[in-house]
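Residues per chain are reported as follows:
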Amino acid sequence: MKFVTRFAPSPTGYLHIGGARTAIFNYLFAKRHNGKYLVRIEDTDTKRSTNEAVKAIYDGLNWLGINSSEKVIYQSKNLESHVKVAHELLDKGFAYKCFLTSEELNDLRIKSRANGKPIKSPWRDNKCNSEKEEYVIRLKMPINGTTTIKDYVQGEVSVKNEILDDMIILRSDKTPTYMLSSVVDDYEMGITHIIRGDDHFNNAFRQIQIINFLNWKKPSYAHIPLIHGTDGSKLSKRHGATNLIDYRSMGYTSEAMLSYLTQLGWTSPEDNEDDYEFKKAVDLFSLEKINKSPAKFDIKKLDNINSKCLNKIDVEVVYKLLTERFGLVLNINQERRLKALIPELLKRVNVYIDLKDDFEWIIDDNFLCKETNNVKILQENNVIINNIGGLLKKCEWTKESINHCLKKFVQDKSLKFKDVGPIVRIALTGKTNAPDLVSIIYELGCTISLNRLNYKY
Ligand code: GLU
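Let's talk about the pattern of salt bridges
Line of reasoning, step 1. For the structure shown, the criterion picks out 21 salt bridges.
Line of reasoning, step 2. Linking lysine 36 and glutamate 70 is a salt bridge whose minimum nitrogen-to-oxygen distance equals 3.0 Å. Here lysine 36 is found in strand E2 (residues 36–41), whereas its partner glutamate 70 is found in the loop between helix H2 (51–64) and strand E3 (73–74), with 34 residues between them in sequence.
Line of reasoning, step 3. Taking the relative accessible area as the measure of exposure, lysine 36 reaches 23% and is therefore partly exposed.
Line of reasoning, step 4. Taking relative accessible area as the criterion, glutamate 70 reaches 40% and is therefore assigned partly exposed.
Line of reasoning, step 5. With its nearest N and O atoms 3.8 Å apart, the salt bridge here joins aspartate 185 to arginine 40. Of this pair, aspartate 185 sits in helix H5 (residues 178–188) while arginine 40 sits in strand E2, and the two are 145 residues apart along the sequence.
Line of reasoning, step 6. Residue aspartate 185 is classed as buried on the basis of its relative accessible area of 1%.
Line of reasoning, step 7. Given the relative accessible area of 0%, arginine 40 is considered buried.
Line of reasoning, step 8. In the salt-bridge network here, residues are joined through shared partners; they are Arg6, Arg40, Glu42, Asp185 and Asp186.

Points about helix H4 (residues 102–115)
Line of reasoning, step 1. Here H4 spans 20 Å end to end across 14 residues, near enough to the 20 Å set by a 1.5 Å rise per residue.
Line of reasoning, step 2. Considered for burial, the residues of H4 that qualify are Leu105, Leu108 and Ser112. The buried residues of H4 occupy an angular sector of 60° when projected down its axis, which confines them to one face. Exposed and oriented more than 90 degrees from the buried face of H4 are Glu103, Ile110, Lys111, Arg113 and Ala114.
Line of reasoning, step 3. Buried residues along H4 sit against strand E5 (136–139).

Conventions adopted
- In every chain, residue numbers begin from 1 and rise along the written sequence.
- Totals for whole chains, interfaces and linings use every residue, but because this is a predicted model, local features are given only for residues with pLDDT of at least 70 and side-chain atom pairs only at 80 or more, for both listing and counting.
- Think of the side-chain values as coming from all heavy atoms in the structure, minus any hydrogens and water.
- Any Lys or Arg side-chain nitrogen found within 4 Å of a carboxyl oxygen on Asp or Glu counts as a salt bridge.
- Numbering of helices and strands starts at the N terminus; helices are DSSP runs of H or I of at least 4 residues and strands are runs of E of at least 2.
- Each residue's exposure class comes from its accessible area (1.4 Å probe, protein chains only) as a fraction of the maximum for that residue type: buried when under 20%, exposed when over 50%, partly exposed otherwise.
- The span expected for a helix works out to 1.5 Å for each residue beyond the first.
- For this quantity, the arc is that covered by the directions from the helix axis to the C-beta atoms.
- Contacts are residue-level and defined by heavy atoms, with any inter-residue pair within 4.5 Å sufficient.

Dropping the structure here:
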């Protein structure tokens, strides 16, 4: 049998990192079994669904590269089918028309709260229908016995049917509820595995009754614990960004995000490095290895993975990210310098946007360290800088010769490299925390380096 999974977001806000992780698990499970991973936009709540939210879902999934195997399904396009099933349930006696007014319902609610039992409408067993047009259709939940779900993550869990409420499946305006639409769509899309947040676990016990009544094949379930912050409480904005796409803006790569979110609640059976290759997860993913306790979102771990990913991806890719992000238009020399220095620069940052601080000294041919607090250091050491400038002028422009030249200067003057290196680095970059000095001199090139070293500060 071919496995089919789905990611079914409601387009009511941005794509939360928890949602993105659900999508990733669905994607991985389907790919692992050569199955299908489908995306269904649950947009039946017209008051809360927006086009921007739909776009945010697409943007997020595109960024991560986990797009639907087939055309995306919009739940709102399938309403007729949901309504038909509501009537089928009604005709077969598994549902009933409930004519309770809102006041009557309120009274029942108060009673139900007092006795701790779910609301049971008097219309449930009332054979005669009202003439009124205003009614909802409720599911006639079984009263006796228990419902058991064997969930891949939550284990085997049973609930007494008496606690299940006669949920509404068709509203008084004749629109279906999420509880019905979702089940009908899953059935029609041939979903074999429902992998979603455990905030829906309670819903599963109610939704499965529709499946039982209609004798549909039951899907398998995996309800994943929600993501927590490092303090152990449910992840919220106070822990940092929860919107997936914000991480793109902050300079994280999609590779790192995929790798990190995959590990957030799933343990690979192999002992792996944390900058886990997503391709590998496709080969190894299993629902059994989803952790039962909530995963903690740890930005430090993500930083670490992002830094490793940045150092692995092609320089051309990082260059493209930078130029697009910062709207850089570079000539051929500037481009060459930036590309040549990117690998060195990446060793020192977690997110690529932090390279921005280095653009000026790399890109600007005429850059001179004039405006920082470091100028004073240059003024005090102008002789040393100029001496080195003089020596480099005679030097063959290879990394070996530059290295040799610097070392010889230090030796001849009986100095230590740490007395000279930082000063030269400031003269060339304006900063103390710049990459390897020889690489800087070599990649900036003879003209630029000598200009900056032979200057009177
Ligand atoms: N639309 C629901 C949500 O965004 C998910 C429903 C489901 O996965 O069954 O929470």
